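Read off the chains here:
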Amino acid sequence: MKTVAFVTQKGGAGKTTLASALAVAAHEAGEKVVILDLDPQESLTMWGDRRDAEFPAYDTVGPEQIKRLPEIIPALKRQGYTLVILDTAGIDGTATHAAMTVADLCLIPTRPMAIDIRAIKETFEAAVRLGKEYAFVLNSCPTQPNNPRAQEAATALEMWGVLAEPMIVQRVAYGDAFAESLGVTEYEPEGKAAQEMRGLWEWMKNKMEGKKNGKKSII
């Protein structure tokens, strides 16, 4: 079983939307997935409550349960789950630190803007201190092919660590799918957003299994 944590102290980076979309894509690829909502706003829990589909599974981890994460994760493995996705709040707090501690891979989403990239510095430095494998996810990129801002952001992030592929473009389908309590692969199966999520899951799976990823880009 693998555990992935979406972490960053910058709000608005798209952690919850990415976590839900990725969970559905991984489930469709054959994983038994559970999402744990560590964010007090419980946006992911509300997304799950409105779903008709049984999978991926989801649950809320309240403040009083955070310290039990090292026990909760092995218990989920015993239940047969192959992937745990942790969604955290956009702040640097106890829950974020706990999620990073139990994660096999920390995903750090950021938009391609200087203020956002500067804001994630403390998050990836925390991952380094904890000795955790991490990767940046460049999210909400402009739709123009080879956009200079996205390319400059990618170059900056690669100086700090690994950049996940593909870059995620700012597409209406992501917000619309989340509003309907769906993943983009359910909402628009043949769309470009669905292609991105399947690509991101494949990249992550290879990363966690120690396989070499070929560099590719949707935009």
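Scoring rules and cut-offs
- Residues numbered from 1 in each chain as written.
- Predicted model: local features only at pLDDT ≥ 70, side-chain atom pairs only at ≥ 80, totals over all residues.
- Heavy atoms only, no water.
- Core = buried A, V, L, I, M, F, W, Y, C linked by side-chain atoms within 4.5 Å.
- Buried < 20%, exposed > 50% of the residue type's maximum accessible area, 1.4 Å probe, protein only.
- Contact = heavy atoms within 4.5 Å.
- Phe/Tyr/Trp six-rings, centres within 6.5 Å; stacked < 30°, edge-to-face > 60°.
- Helix = DSSP H or I, 4+ residues; strand = E, 2+ residues; numbered from the N terminus.
- Lys NZ or Arg CZ within 6 Å of the ring centre and 35° of its normal.
- Axes fitted to C-alpha atoms, helices over the stretch in contact; angles between N-to-C directions.
- Parallel < 35°, antiparallel > 145°, perpendicular 65-115°, else oblique.
- Left-handed = near helix turned anticlockwise from the far one by under 90°.
- Nonpolar A, V, L, I, M, F, W, Y, C, P; charged D, E, K, R; others polar.
- Expected span 1.5 Å × (residues − 1).
- Polar contact = N/O pair within 3.5 Å; in protein donor to acceptor, adjacent residues only side chain to side chain.
- Pairing = 2+ DSSP bridges.
- Salt bridge = Lys/Arg side-chain N within 4 Å of Asp/Glu carboxyl O.
- pLDDT = per-residue confidence, 0-100.

Novice: Please give an account of the nonpolar core that cites residues and values.
Specialist: One broad rule of soluble globular proteins: the nonpolar side chains tend to lie buried together. Leu36, Leu38, Leu86, Phe136 and Leu138 are the most contacted members of the largest nonpolar core, which totals 38 residues. Apart from the residues within four sequence positions on either side, Leu138 is in contact with Thr110, Arg111, Pro112, Ala150, Ala153, Ala154, Leu157, Leu163, Met167 and Ile168. Ranked by size, the runner-up nonpolar core spans 34 residues in total, among them Leu18, Leu83, Phe178 and Trp203.

Novice: Please provide a residue-by-residue account of the packing of aromatic side chains, values included.
Specialist: When we look at a pair of aromatic rings, we describe it by the centre distance and by the angle of the planes. If you walk through the whole model with that rule in mind, you get 6 aromatic pairs. A ring pair is formed by Trp47 and Phe178, whose centres lie 6.4 Å apart and whose planes are at 10°; its orientation type is stacked. Residue Trp47 is found in helix 2 (residues 43-49), and its partner Phe178 is found in helix 8 (residues 172-179); the two are separated by 131 residues along the sequence. Since its relative accessible area comes to 0%, Trp47 is described here as buried. Arranged with centres 5.6 Å apart and planes meeting at 75°, the rings of Tyr134 and Phe136 form a pair that is edge-to-face. When sorted by exposure, Tyr134 lands in the same class as Phe136, which is buried. One aromatic cluster is present, built from ring pairs that chain together Phe124, Tyr134, Phe136 and Trp160. Stacked on the ring of Tyr81, the Lys or Arg Lys32 has its end atom at 4.7 Å from the ring centre.

Novice: Requested: an account of the packing of helix 3 (residues 69-78) against helix 4 (residues 94-102), with residues and values cited.
Specialist: Contact pair helix 3 / helix 4: the axes reach a minimum separation of 10 Å and the direction vectors enclose 45°. With respect to each other, helix 3 and helix 4 are oriented oblique. Seen along the crossing, helix 3 lies across helix 4 with a hand that is right-handed. Here Leu69, Pro70 and Ile73 of helix 3 lie close against helix 4, whose contacting residues are Ala98, Ala99 and Val102. Looking at the contact of helix 3 with helix 4, its residues break down into 6 nonpolar, no polar and no charged.

Novice: An account of helix 1 (residues 15-28) is needed here, citing residue identities and associated values.
Specialist: Taking 1.5 Å per residue as the helical rise, helix 1 with its 14 residues ought to reach 20 Å, and the 20 Å between its terminal C-alpha atoms agrees with that figure. Burial within helix 1 is extensive, with 11 of its 14 residues counted as buried. When helix 1 is considered as a whole, its buried residues turn out to be Lys15, Thr16, Leu18, Ala19, Ser20, Ala21, Leu22, Ala23, Val24, Ala25 and Ala26. Just beyond helix 1, the residue with positive phi is Gly30, at close to 110°.

Novice: So, the side chain of Asn139: which residues are in play, and what are the values?
Specialist: Tracing the sequence through the fold places Asn139 in the loop between strand 6 (134-138) and helix 7 (148-160). In terms of polar contacts, Asn139 uses its side chain to reach the backbone carbonyl oxygen of Ala13, at 2.9 Å. Not counting chain neighbours up to four residues away, the residues in contact with Asn139 comprise Ala13, Gly14, Leu18, Thr110, Arg111, Pro112 and Ile168.

Novice: I'd love a proper account of the pairing of strand 6, names of residues and values included.
Specialist: For strand 6, a buried count of 5 out of 5 residues is recorded, marking the element as mostly surrounded by other parts of the structure. Here strand 6 shows a buried face lined by Tyr134, Phe136 and Leu138 and a second buried face lined by Ala135 and Val137. Sheet topology places strand 5 (residues 105-110) next to strand 6; 5 bridges connect them, and they run parallel. Its bridge partner being in strand 6, Ile108 is matched across the sheet by Phe136.

Novice: Which residues make up the pattern of salt bridges, and what values do they have?
Specialist: Counted under the stated rule, the structure contains 7 salt bridges. The closest approach of N and O atoms between Lys207 and Glu133, which form a salt bridge, is 3.2 Å. Within this pair, whereas Lys207 is found in helix 10 (residues 192-208), its partner Glu133 is found in the loop between helix 6 (121-129) and strand 6, the two being separated by 74 residues in sequence. Given the relative accessible area of 18%, Lys207 is considered buried.

Novice: Which residues make up the confidence of the model for the protein, and what values go with them?
Specialist: Residues at a pLDDT of 70 or more form 96% of the protein, whose mean pLDDT is 92. With pLDDT under 50 throughout, residues 215-219 is counted as low confidence; its partners more than four residues away or in other chains account for 19 contacts.

Novice: Provide a residue-level description of the sheet that holds strand 5, including the pertinent values.
Specialist: Here we have 6 strands laid out as an open sheet, ordered 3-2-4-1-5-6, and parallel in their pairing. Of all the strands in the sheet, the pair left with one neighbour each is strand 3 (57-60) and strand 6. With direction set aside, neighbouring strand axes in the sheet form an average angle of 20°. Of the strands in this sheet, strand 5 and strand 6 are in contact with helix 6, which crosses strand 6 at around 160°. The sheet strands contacting helix 7 are strand 5 and strand 6, and the helix crosses strand 6 at an angle near 170°.

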